[in-house]
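A structural walkthrough
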Amino acid sequence: MSQHSPRPRSPGEGAWGCEHSLTAPEVGTIEAWCLDYISAEEVAAKCSPGEPPALFDGYYAPDLAVCSAMAPGRGVGLRVQERAERIPRPAALREASARAKLLHVFMHHEIQAAELSAWAILRFPDAPAEFRRGLLGILDDEARHAQMYLGRVRELGSQYGDFAVRDWFWEKARHCTTPLQYTALMGLGFEGANIDHAARFERQLRDVNDERSADLVGQVGREEVSHVRFASRWFAEWTGEAEGDGPDYDRWCEALPPPLTPAVFKGDPVQVERRARAGLSRSFLGRLMSEGKVRGTTQKSPRRAGIDGSGNDSDSELCRE
Ligand SMILES: [Fe+2]
Ligand SMILES: [Fe+2]
């Protein structure tokens, strides 16, 4: 089956970031579905997007300005903040409301990850169809994760929107100009760090005897491994690494959108075995683990260092995807 509808592509297409576009994708195409998903406001639509169409439009190519200005739909009454709230301390997690607040943060991260998968499909029309279809699969996973978190937040006595959210991933990812940069940021960056953070929060939730929430966070953390493996595979391929070598650490650093640095994208401890299963080499992980170390001590944490360049406290937005 063809990857595209029969609609002709315009002359000159073929490079990432091409500047020509139609004003809207053809109805019934994957691109139209992605636009609808991004703009949907109801949490039910974010968590259960349904089956996407089979075919790409193959012609719609929004330019950088359109993609950078794209904003996700947010329900009326949802408080979207520019500054992150602190996530609950481990001891506070004895309270159900604090655990709901924590899982609410995770749920919104999942929603953003799903939306940004749709965004990347639109932003990079000339990336390999296999890559774009892979993003559709990731979108489906992220929406399912959001649905699972939503269910648990409700069981804990809260609702989506009871807590403020921050669109941190959107703030960073919407400016990516190549699939390589997007993969460096979302897959190797946010999702890579998530492997570490998930293990930490799973442990914290088990410490307060919330086995159900701990199991959920653990399951999501394990499922993120395949997303990082997806990013590892494409990043390594696009940078010309030998098969089996995985991403090159220096190339990853170069591809991250400034001012983000690798030190932001790790938890304590780094989950070496899981990350290795995601396609990251021992040398890559060794260099990642050494980030932030100065003469045997730990440098300022990303939170205290204001890694987003604005001095904002971004810790709670970095903690999970
Ligand atoms: Fe996820
Ligand atoms: Fe993910």
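Residues numbered from 1 in each chain as written. Chains lettered and ligands numbered in written order. Predicted model: local features only at pLDDT ≥ 70, side-chain atom pairs only at ≥ 80, totals over all residues.

**Description of the overall build of the protein chain**
Counting secondary structure elements, the protein chain contains 13 helices and two strands. Burial statistics for the protein chain: of 321 residues in total, 45% are counted as buried. Intrachain contacts of the protein chain at a sequence separation of at least 6 include 78% that bridge at least 24 residues. (Helix = DSSP H or I, 4+ residues; strand = E, 2+ residues; numbered from the N terminus. Buried ≥ 20, exposed ≤ 12 C-beta atoms within 10 Å, placed from the backbone. Contact = placed C-beta atoms within 7 Å.)

**With respect to the packing of helix 5 (residues 129–155) against helix 8 (residues 211–238)**
At a minimum axis distance of 11 Å, the contact between helix 5 and helix 8 shows a crossing angle of 170°. Taken as axis vectors, helix 5 and helix 8 run roughly antiparallel relative to one another. Here F131, G134, I138, D141, H145, M148 and R152 of helix 5 come into contact with helix 8, specifically with R212, S213, L216, V220, E223, H227, F230 and W234. Considering only residue class, the contact of helix 5 with helix 8 consists of seven nonpolar, four polar and four charged. (Axes fitted to C-alpha atoms, helices over the stretch in contact; angles between N-to-C directions. Parallel < 35°, antiparallel > 145°, perpendicular 65-115°, else oblique. Nonpolar A, V, L, I, M, F, W, Y, C, P; charged D, E, K, R; others polar.)

**Some thoughts on the packing of helix 4 (residues 96–123) against helix 5**
Close contact between helix 4 and helix 5 brings their axes to 8 Å; oriented N to C, the two are set at 160°. One element, helix 4, and the other, helix 5, form an angle in the roughly antiparallel class. Our pair here, helix 4 against helix 5, has a crossing hand that is left-handed. Of the residues that constitute the contact of helix 4 with helix 5, the class distribution is 19 nonpolar, three polar and four charged. (Left-handed = near helix turned anticlockwise from the far one by under 90°.)

**Comments concerning the nonpolar core**
In this structure, C34, M107, A118, A146, L150 and V153 are the most contacted members of the largest nonpolar core, which totals 76 residues. Here this core takes 15 residues from helix 4, the largest share from any one element. (Core = buried A, V, L, I, M, F, W, Y, C linked by C-beta atoms within 7 Å.)

**What to know about the confidence of the model for the protein chain**
For the protein chain, per-residue confidence averages 86 on the pLDDT scale, and residues scoring 70 or more make up 84% of the total. Residue range residues 294–316 is modelled with pLDDT below 50. Its contacts to residues more than four positions away, or to other chains, number 33 contacts. (pLDDT = per-residue confidence, 0-100.)

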